[in-house]
Amino acid sequence: MAPAATPSSGTAILVADNITVRFETPEGAILAVDDVSFGVRPGEFLSVIGPSGCGKSTLFNVIGGLLSTHQGVVSVAGETITGPHKSIGMVFQEESTFPWRTVTDNVAFPLELIGMPKAKRVERARHFIGMVGLDGFENRFPGELSGGMRQRVSLARTLASEPKILLMDEPFAALDEQTRLLLGDKVLQIQQQLKQTTLLITHNITEAVQMSDRILVMTYRPGKVKRIVDIDLPRPRTSEIVSSESFGRYVAQIWSDLREEASRGMRADEKHALNEGAAS
Amino acid sequence: MTAAAVAKHSTARDSTPALVGFGSLVAFFLVMELLIQTGLVNRFIVPPPSEIIGSFQRLILEEDIFHRFLVTLGECLTAGVMLTVFGVTGGVLMHRYKLLQQACETWVAAMASAPLVLMYPLFLVIFGRNVWTIIMMGFIAALPPVILKTIEGISSTRKVLINVGRSFNLTPAQQFWKILFPASLPTIFVGLRLGLIFALINIVGTEFLINFGGLGQLINDLAERYDLAGTYAAICFVILVSVLFFMTLEKAERWLIPVG
Ligand SMILES: Nc1ncnc2c1ncn2[C@@H]1O[C@H](COP(=O)(O)OP(=O)(O)OP(=O)(O)O)[C@@H](O)[C@H]1O
Ligand SMILES: [Mg+2]
């Protein structure tokens, strides 16, 4: 098991170096991310897992170039990023479809930006819509879809831009377990095909072990790297791997790490609530 | 119960509020008629509803009320175009330049609640006794809600949609046209609808005050001739027009914005 160390930036396409993020709030500064460093190799699937509120989305925003108040450096292929990088595609945790566009027009959005002719981009969009299993919904508006379906539209929209590095923040959180597994298979298939470098943020252990080459476990407040786990399972993987024995071992190991953090988090929250109660 | 019966039942229930509403209006007229005919209410202050309804024919044939209506409608639409252009642009600029917003938002909000119709003498001096005084009164009175709703719409765009745009490396112009503007359109439409209603009210009011133009002037004329039934009939017509106007705008909004 590798300790949390800065990987040599020579082999990594995406490097996060000593990332620290503080938020100023009326109740004082919150240290959301504390000195996180890691690297993602080309074509690698890395998951970041941690309890709710540990700073995963914050880290996601830093890597996506959307937050600029952090300390530390993020670089893509050796180039330090100062804003959203063109080879990074992001799928957000919150609902992010455009309600005024149909499914097709949502997915075709990045293609429209590069000036692809209409007929061509509609055809391309169809391809990605099919990939996330939404055939037949091309002309619907997001308002007519379920939360999970909308999340898949966002995924398809980002896939349509064919980013070299795919950054996803709990994209499957709104899905039921079966759809999650099937869509996970799909994403994995696409990722293996395109040799896409992928960073997945999740709090689902099964999902992380099923898909990842490595898993970065974060601590609860401040969010630090607790451990980086190599997942040495054969590829290609499908959701069937879930029932294998070595899979179970990985899950148990990560769960014991996370249980510690989660209970620490819950105790901290309870104490916070008690203090609040005493204050009022 | 058969399916058809269920359907019939539900449509019957859907139209119940409308029927009750209409029924109470009819009941109100009947009660007024009764009070006036029995002399409890002075018929020289309020003419009986039957007489008011009877004078509609006169309004149509002798006073050419439809032509008056078209004049007022034209003024409203002109004000509406100006509102769409200047109001929305104003809101966008105020959102874009924070200093402008901080400087102006308070007095724009104050303007929204002020009885601007009282400013008509000033407008008479500036534009003269013509159709532009009327249009400008409607325009100015309706400007605040359009500006405020535009600002509200743009600034309440969800953060994540803006972030989607940023993650796709949109230019500031693309960010505005492809994300901020469409995201705020529903709110902007609410502002325009409010604005057009403000405009209609102020346009008819100004027509009445300066005795010029469409429906407002007609009411003024009839009142001066002491044609009470005619005056009331014209007022009813204006109310009817406003209600229809409001309903049309609501329909247009739903048609323009496919899914809310
Ligand atoms: N803009 C902000 N201002 C102040 N505090 C913030 C801000 N954004 C996040 N935080 C705080 O930073 C911490 C980390 O938040 P973050 O959203 O990154 O958590 P997360 O790991 O993504 O949680 P979840 O799994 O529930 O999505 C939280 O305690 C949160 O309260
Ligand atoms: Mg999050």
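The structure displayed is predicted, hence computed values, not measured ones.

Caption draft 1: Spotlight on the overall build of chain B. Along its length, chain B carries 11 helices and zero strands. Scanning chain B from its N terminus toward the C terminus, one meets helices and strands in the order α-α-α-α-α-α-α-α-α-α-α. Relative to the compact-globule value of 18 Å for 260 residues, chain B shows a C-alpha radius of gyration of 23 Å, a clear excess of over 25%. Its C-alpha atoms give chain B principal-axis dimensions of about 75 × 70 × 30 Å.

Caption draft 2: Looking closely at helix α11 (residues 228–256) of chain B. Residues and elements named next belong to chain B. Compared with an ideal rise of 1.5 Å per residue, which puts 29 residues at 42 Å, α11 spans 42 Å between its outermost C-alpha atoms and is within 8% of the ideal. For α11, the full list of buried residues reads Leu-228, Ala-229, Gly-230, Thr-231, Ala-233, Ala-234, Phe-237, Val-238, Val-241, Phe-245, Leu-249 and Glu-253. Buried residues belonging to α11 abut α2 (49–54), α3 (56–61), α4 (65–96), α9 (172–210) and α10 (215–224).

Caption draft 3: Geometry of the interface of chain A and chain B. Taken together, the contact between chain A and chain B spans 26 residues of the former and 17 residues of the latter. When the two sides are added together, the surface that chain A and chain B hide from each other amounts to roughly 1,800 Å², 69% of it contributed by carbon and sulfur. The tally of links between chain A and chain B comes to one salt bridge. Here Lys-178 of chain B ties to Glu-112 of chain A by a salt bridge, and the two come within 2.8 Å at their closest N and O atoms. For the pair chain A and chain B, the number of links is three residue pairs in polar contact (both at pLDDT 80 or more). Within the residue set of the side of chain A that touches chain B, elements represented by two or more residues are β6 (88–91), α3 (109–113) and α5 (147–160) of chain A. When residues of the side of chain A that touches chain B are assigned to their parent elements, the largest contribution, four residues, is made by α3 of chain A. Across the side of chain A that touches chain B, the residue classes break down as 12 nonpolar, seven polar and seven charged.

Caption draft 4: Geometry of the sheet that holds strand β3 (residues 45–49) of chain A. All names here are of chain A. Spatially, β6-β7-β8-β3-β9-β10 is the arrangement adopted by the six strands of the open sheet, whose pairing is mixed. In the strand order of this sheet, the two ends are held by β6 and β10 (225–230), each with one partner. Each strand axis lies, on average, 15 degrees off the axis of its neighbour in the sheet, ignoring direction. For β3 and strand β9 (residues 214–218), the ladder comprises four bridges, and the chain directions are parallel. The residue of β9 that forms the bridge with Ser-47 is Ile-215.

Caption draft 5: Local environment of the site of ligand 1. All names here are of chain A. In the vicinity of ligand 1, 14 residues are found, and the nearest of them are Ser-52, Gly-53, Ser-57, Thr-58 and Arg-221. Within the contact set of ligand 1, an oxygen atom lies 3.2 Å away from a backbone nitrogen or oxygen of Cys-54. The separation between an oxygen atom of ligand 1 and a polar side-chain atom of Thr-58 is 2.6 Å. For ligand 1, whose accessible area on its own is 640 Å², the fraction buried by protein is 67%. For the shell around ligand 1, the elements supplying multiple residues, two or more each, are β1 (14–25) and α1 (56–63). Among the elements that make up the shell around ligand 1, the one with the highest residue count is α1 (three residues). A per-class count over the shell around ligand 1 returns three nonpolar, eight polar and three charged.

Caption draft 6: Inspection of the coordination of the magnesium ion (ligand 2) at higher detail. All names here are of chain A. At the metal site, the magnesium ion (ligand 2) is ligated by Ser-57 (OG) and Gln-93 (OE1), and these contacts range over 1.9 to 2.2 Å. Pair noted here: Ser-57 is in helix α1 and Gln-93 is in the loop between β6 and α2 (103–107), with a separation of 36 residues, a long-range link. A relative accessible area of 36% places Gln-93 in the partly exposed class.

Caption draft 7: Fine view of the pattern of salt bridges. All names here are of chain A. Taken as a whole and assessed by the stated rule, the structure comprises 15 salt bridges over all chains. Linking Glu-177 and Arg-180 is a salt bridge whose minimum nitrogen-to-oxygen distance equals 3.5 Å. Of this pair, Glu-177 and Arg-180 both sit in helix α6 (residues 177–194), three residues apart, which is roughly one turn of the helix. A residue is classified by how much of its surface remains accessible, and Glu-177, at 38% relative accessible area, is partly exposed. Here Glu-245 ties to Arg-249 by a salt bridge, and the two come within 3.5 Å at their closest N and O atoms. Taken as a pair, Glu-245 and Arg-249 lie in helix α8 (residues 245–279) at a separation of four residues, close to a single helical turn.

Caption draft 8: Quick look at the domain arrangement of chain B. Domain annotation of chain B identifies domain 1 (3–46) and domain 2 (53–256). Taken over C-alpha atoms, the centre of domain 1 of chain B sits 31 Å from the centre of domain 2 of chain B.

Caption draft 9: Just the packing of aromatic side chains, in detail. Residue and element names in this part refer to chain B. If you walk through the whole model with that rule in mind, you get 12 aromatic pairs over all chains. Relative to Trp-177, the ring of Phe-176 has its centre 4.9 Å away and its plane inclined at 80 degrees; by these criteria the two rings are edge-to-face. Take Trp-177: its relative accessible area is 57%, and that puts it in the exposed class. Between Trp-177 and Phe-181, the ring centres sit 5.3 Å apart and the planes meet at 65 degrees, which makes this aromatic pair edge-to-face.

Caption draft 10: Focus on a nonpolar patch on the surface. Taken together, the side chains of Ile-235, Ile-239, Leu-240, Val-243, Leu-244, Phe-246 and Met-247 of chain B present a nonpolar region at the surface, about 630 Å² in accessible area. If you trace the backbone, Ile-235 of chain B turns up in helix α11.

Caption draft 11: Spatial organisation of the sheet that holds strand β2 (residues 28–40) of chain A. All names here are of chain A. The four strands are arranged β2-β1-β4-β5 in an open sheet whose pairing can be described as antiparallel. Two strands lie at the open edges of the sheet, namely β2 and β5 (79–80), each paired on one side alone. Here nine bridges tie β1 to β2, and the two strands are oriented antiparallel to one another. Pairing of Val-15 across the sheet is with Gly-39, part of β2.

Caption draft 12: Expanded view of unusual backbone geometry. For Ala-77 of chain A, which is not glycine, the phi dihedral falls at a positive 50 degrees. Take Ala-77 of chain A: its relative accessible area is 60%, and that puts it in the exposed class. Non-glycine residue Asn-211 of chain B carries a positive phi angle of around 50 degrees. Along the chain, Asn-211 of chain B falls in the loop between α9 and α10. A residue is classified by how much of its surface remains accessible, and Asn-211 of chain B, at 21% relative accessible area, is partly exposed.

What counts, and where the lines are drawn
Residues numbered from 1 in each chain as written. Chains lettered and ligands numbered in written order. Predicted model: local features only at pLDDT ≥ 70, side-chain atom pairs only at ≥ 80, totals over all residues. Heavy atoms only, no water. Helix = DSSP H or I, 4+ residues; strand = E, 2+ residues; numbered from the N terminus. Rg over C-alpha atoms; globule rule 2.2 N^0.38 Å. Expected span 1.5 Å × (residues − 1). Buried < 20%, exposed > 50% of the residue type's maximum accessible area, 1.4 Å probe, protein only. Contact = heavy atoms within 4.5 Å. Buried area = accessible area lost by both parts, 1.4 Å probe. Salt bridge = Lys/Arg side-chain N within 4 Å of Asp/Glu carboxyl O. Polar contact = N/O pair within 3.5 Å; in protein donor to acceptor, adjacent residues only side chain to side chain. Nonpolar A, V, L, I, M, F, W, Y, C, P; charged D, E, K, R; others polar. Pairing = 2+ DSSP bridges. Axes fitted to C-alpha atoms, helices over the stretch in contact; angles between N-to-C directions. Near = heavy atom within 4 Å. Areas by Shrake-Rupley, 256 points an atom, 1.4 Å probe, with all protein chains shown as cover. Donors = N, O, S within 2.8 Å, 3.2 Å for Na, K, Ca; no water. Domains from an automatic or database assignment. Phe/Tyr/Trp six-rings, centres within 6.5 Å; stacked < 30°, edge-to-face > 60°. Patch = residues over 30% accessible without salt bridge, like charges linked within 9 Å, V, L, I, M, F, W, Y side chains within 5 Å.

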